[in-house]
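The primary structure of each chain is shown beneath.
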Amino acid sequence: MNMKNMIKPISHLLANISQPARLQILLAIGEGEACVCHLETLLGYRQAYISQHLMALRKIGLLDTRREGRYVFYRLQDQKLLDLMRAAGHVAGISPGELDQLISTNPLPQCCCPDCVSKTNNEIMLKEDGLL
């Protein structure tokens, strides 16, 4: 394989994740998974805007999905994408700790999806029992 053919997929990947909203989405999904309503609550973007970016990220093979009722949960197809983002952050002068703070897998109480609601309810019960 010549250099041009090797560089093309890397260029394609970087071009597709370079938009700030897509980077935010990938960091918000992080090591876990998130539904559109979770991302909407966390990032403050409209559902349609997030869905467009999710569709593009899914189309190039960066995201997998899981359906639960009417909710679709997105997760990174390859966790090495987070390593790439950490390396890019390092080159851009962002400390690994700062970038890791942006990688969110915590449920949001404002999010109405079953995943967030069940995790939030579990946290409430643990706090009431003095275990958290």
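Residues numbered from 1 in each chain as written. Predicted model: local features only at pLDDT ≥ 70, side-chain atom pairs only at ≥ 80, totals over all residues. Heavy atoms only, no water.

Novice: Please explain the pattern of salt bridges as it appears in this structure.
Specialist: When charged atoms on two side chains of opposite charge get close, those side chains can pair. Following the criterion strictly, the structure yields five salt bridges and no others. Here D100 ties to R86 by a salt bridge, and the two come within 2.7 Å at their closest N and O atoms. With D100 in helix α6 (residues 96–102) and R86 in helix α5 (residues 80–91), the pair connects residues that are 14 residues apart, well separated along the chain. On the accessibility criterion, D100 (36% relative accessible area) is partly exposed. Judged by its relative accessible area of 23%, R86 falls in the partly exposed class. Each member of the salt-bridge network shares a partner with another, and the members are E31, D83, R86 and D100. (Salt bridge = Lys/Arg side-chain N within 4 Å of Asp/Glu carboxyl O. Helix = DSSP H or I, 4+ residues; strand = E, 2+ residues; numbered from the N terminus. Buried < 20%, exposed > 50% of the residue type's maximum accessible area, 1.4 Å probe, protein only.)

Novice: Would you mind showing me how to read the confidence of the model for the protein here?
Specialist: Interpretation of this model should avoid reading the predicted coordinates in detail wherever pLDDT is low. Per-residue pLDDT for the protein has a mean of 83; in total, 78% of the residues score no lower than 70. Per-element averaging of pLDDT across the protein places helix α7 (residues 114–128) at the bottom with 55 and helix α4 (residues 47–59) at the top with 96. (pLDDT = per-residue confidence, 0-100.)

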